[in-house]
Every structure is written in C-alpha cells, then in structure tokens.
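What follows is the residue order along each chain.
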Amino acid sequence: MKKIEVSIQETNNPTILKFEANSFLTQYESFEFNNIDDAKNSPLAQQLFYLPFVKKVYISGNFVAIERFDIVTWNDVQNEVREQIENYLNSDGVVVAPTETKKKTAVTVYAESTPNPAVTKFVANKNLTPFMLEFTSIDEAKTSPFATELFHFPFVKSVFIDKNYVSITKYDVAEWNDITIELREFIRTYIENGKAVVTDDAPEITKNSEVAKEEQFETLDDISKEIVNILEEYVKPAVASDGGNIQFESYDADTKKVKVILQGACSGCPSSTFTLKNGIENMLKEMLQGKVETVEAING
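The rules behind these values
- Residues numbered from 1 in each chain as written.
- Predicted model: local features only at pLDDT ≥ 70, side-chain atom pairs only at ≥ 80, totals over all residues.
- Heavy atoms only, no water.
- Pairing = 2+ DSSP bridges.
- Helix = DSSP H or I, 4+ residues; strand = E, 2+ residues; numbered from the N terminus.
- Axes fitted to C-alpha atoms, helices over the stretch in contact; angles between N-to-C directions.
- Contact = heavy atoms within 4.5 Å.
- Expected span 1.5 Å × (residues − 1).
- Buried < 20%, exposed > 50% of the residue type's maximum accessible area, 1.4 Å probe, protein only.
- Phe/Tyr/Trp six-rings, centres within 6.5 Å; stacked < 30°, edge-to-face > 60°.
- Polar contact = N/O pair within 3.5 Å; in protein donor to acceptor, adjacent residues only side chain to side chain.
- Core = buried A, V, L, I, M, F, W, Y, C linked by side-chain atoms within 4.5 Å.

## A word on the sheet that holds strand E8 (residues 129-135)
- Sheet architecture is open: five strands sit in the order E6-E7-E10-E9-E8, paired in antiparallel fashion. A single partner strand is all that each edge strand has here, and the edge strands are strand E6 (109-113) and E8. Taken over all neighbouring pairs, the strand axes of this sheet differ in orientation by 20 degrees on average, direction set aside.
- Pairing of strand E9 (residues 156-163) with strand E10 (residues 165-170), which is carried by six bridges, proceeds in the antiparallel orientation. Its bridge partner lying in E10, Val159 is registered against Ile168.
- The strands touched by helix H4 (residues 176-192) are E6, strand E7 (119-124), E9 and E10; relative to E7, the strand with the most contacts, the crossing angle is about 30 degrees.

## Description of helix H2 (residues 74-90)
- Taking 1.5 Å per residue, 17 residues should reach 24 Å; H2 reaches 23 Å between its end C-alpha atoms and fits that length.
- Buried residues of H2: Trp74, Val77, Gln78, Val81, Ile85, Glu86, Tyr88 and Leu89, and no others.
- Summarising the contacts, the buried residues of H2 are in contact with strand E1 (6-10), strand E2 (16-21), helix H1 (43-49) and strand E5 (63-68).
- Positive phi shows up at Asp92, right after H2, with a value of about 60 degrees.

## Quick notes on the packing of aromatic side chains
- Scanning the entire structure with this criterion turns up 11 aromatic pairs.
- Here Phe19 and Trp74 contribute two aromatic rings whose centre-to-centre distance is 6.0 Å and whose plane-to-plane angle is 65 degrees, an arrangement assigned as edge-to-face. With Phe19 in strand E2 and Trp74 in helix H2, this pair connects stretches of sequence that are 55 residues apart.
- According to the relative accessible area criterion, Trp74 is buried, its value standing at 6%.

## What about the environment of Phe186?
- Relative to the assigned elements, Phe186 resides in helix H4.
- Under the relative-accessibility criterion, Phe186 is labelled buried at 18%.
- Along the backbone, Phe186 and Leu150 are 36 residues apart, and their C-alpha atoms lie at a distance of 8.6 Å.
- Excluding residues that lie within four positions of it along the chain, Phe186 makes contacts with Phe146, Glu149, Leu150 and Phe153.

## Considerations on the sheet that holds E2
- Taken in spatial order, the five strands make up an open sheet running E1-E2-E5-E4-E3, and their pairing is antiparallel. Each of the sheet's edge strands pairs with one partner strand only, and the pair in question is E1 and strand E3 (30-33). Taking the axes of each pair of neighbouring strands and ignoring which way they run, one obtains an average angle of 20 degrees across the sheet.
- Examined bridge by bridge, E2 and E5 share five bridges and lie antiparallel to one another. Across the sheet, the residue bridging to Leu17 is Ile66, located in E5.

## A short note on helix H7 (residues 222-241)
- If you check H7, its first and last C-alpha atoms are 29 Å apart, about what 20 residues at 1.5 Å a residue would give, namely 28 Å.
- When we look at burial in H7, the residues that qualify are Ser224, Lys225, Ile227, Val228, Ile230, Leu231, Val235, Lys236 and Val239.
- Two to three positions downstream of the cap, the backbone nitrogen of Ile223 sits 3.1 Å from a side-chain oxygen, assigning the N-cap of H7 to Asp221.
- Immediately beyond the C-terminal end of H7, within one or two residues, lies Gly243, with a positive phi of roughly 85 degrees.

## Points about the nonpolar core
- Counting 33 residues, the largest nonpolar core has Phe146, Leu150, Ile161, Val166, Ile168, Leu183 and Ile187 as the members making the most contacts within it.
- Elements supplying a minimum of two residues to this core: E7, E8, helix H3 (145-151), E9, E10 and H4.
- Here the element with the most residues in this core is H4; it accounts for seven residues.
- Ignoring anything within four residues of it in the chain, the contact list for Leu183 reads Phe122, Leu150, Phe153, Phe155, Val156, Ile168 and Trp176.
- Counting 27 residues, the second largest nonpolar core, distinct from the first, contains Ile4, Phe33, Ile59 and Val77.

This is the structure:
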C-alpha cells in the first residue's frame, strides 16, 4: 500500500486551509462539521477539533479543509496539522464512518448534447472526481473502474471525466437516440452504488494535485504562463460547459506558435477549428500582441 502524502493548499479565505491528499478520502460525498459533537461519525474530524484553534472541518474528495479561529495564524501551525493528518491517514484511521441508518442518496443524471455530434455529456448531481481524466481505450483506463466498465459498451470510443460529469464519445455505428438512456441509467446506478471512479493508488491523483500543477507551471517561461492564465480564465469555463477541455501544450517564441490539446467533446469536434481561429487565436493575438501568431490543436 502506497504512503499517503498530504500537501498544504491556500484558499481565497485566509482563515481556511486545504490539506490535499494523494488519495481519495471520500467517494461522492462531502462533509462539514461545526464542532466535536457534530463530528461523531468522523474520528479524523474529532481528532482535529481537539486542536483549540479549529473552528470548522470540511472533508471532500481528496482533501480536508480547516477553518481556524483568529487565536493563531496558519504559518504557526500548518506544518504540524499537515503532519497530524498524514500520520492519521497512514495509520489506517477512519475518515468518516458509515452509518447504518443512512439512506441511499438519490442520484440524478441527465444528458446534454454538445457541439460535437459524436459526444454527449452526462451530468450528475454528485461530484465524480476533483480533477480531469481522459481515456481513449480500455487499456488506458486501468486506474478507473468507472471508465473501464463504460468501455465494455461496444459503442464507447473514449471517456472524459471532470467534476460532476462524464463526456462520452461514441463510434459512428451507434445513434445517440438508441444508447443515451442505457448509458444514463448505467452511470446513475454506478454512482448510486458508491463504486469508485478512480482507484486510490491511481497516479493521476498525484499528477493532478495542486502541488504538481504549481510545480509544472513554475517551469514555464513568462509568455507561456500568460497563455495558461488566459486559457484558465477565459477559455476553459466556456468549453467545460460543452463537455470538453483545452489544455496548454507548448509555446514556441521563434515561430510564435501555441499548441493546445483538445479533450473530451472538443477533441475531433467539427467546430473546434472555427473556435480556435476565431476565438482562442484571436484572443491570444489581442491580449499578447506581437507574441502569438497561430494556435495549433492536437486532439487528445
């Protein structure tokens, strides 16, 4: 069993700090505890409440977030808290105990069409993963039991998972009218049964952690950093609503060419060329005048 490592992540609220693990702590559920009595089903949260500065504890996905009282600053205590959480998790401590009286939460899943006729987006009322995952074959999906089972449908070509939705690309042999209900019901049942989307030892957890992203970002040159920030703020929210993602790949200062990777519904989409030329390329040219000439897309 791999060692669980915990990193410290700041939030927009200076009183709240996130402690992110390289393993899932909960599946599909989020918990908020306001005091030690409130946390009777979470031995981890109860232990944290013994610290006099802990005001609230949030547990979700692969992180624990703690809100503090003003009697201390995080700089004084954050490393000790990180170590305490890490030691607790590595001693197989219970994060949140299941309750026998707990009722199965109703799960709803609805299908959305996307600009790509080969892709449909299935949206759930539960979070599936804290980071993006893309699989183009069943061999790639070994770390995702969810994607692996989806590939057992003969018409599934690729699977893209992000937050509370999954975008599925189909082969041309099938029509969405014939398969949408079947896929929607499978996804709903899978989530309702509490089955794992990604295995706890999946390398994607570490690869997509905030620490890994920050380290990768810091290796980029200044113009590449500007491009990444523009994509994050202006482009990604729009394409996410269509069930896809655009990821920065590289920037060549000599040719002034930007390469991006299209994922999910964006990959192979007939309208992606128009989006690139009339949207992203023009935006980067305008915002980074003289630094960008062309944008080239690579299908994920």
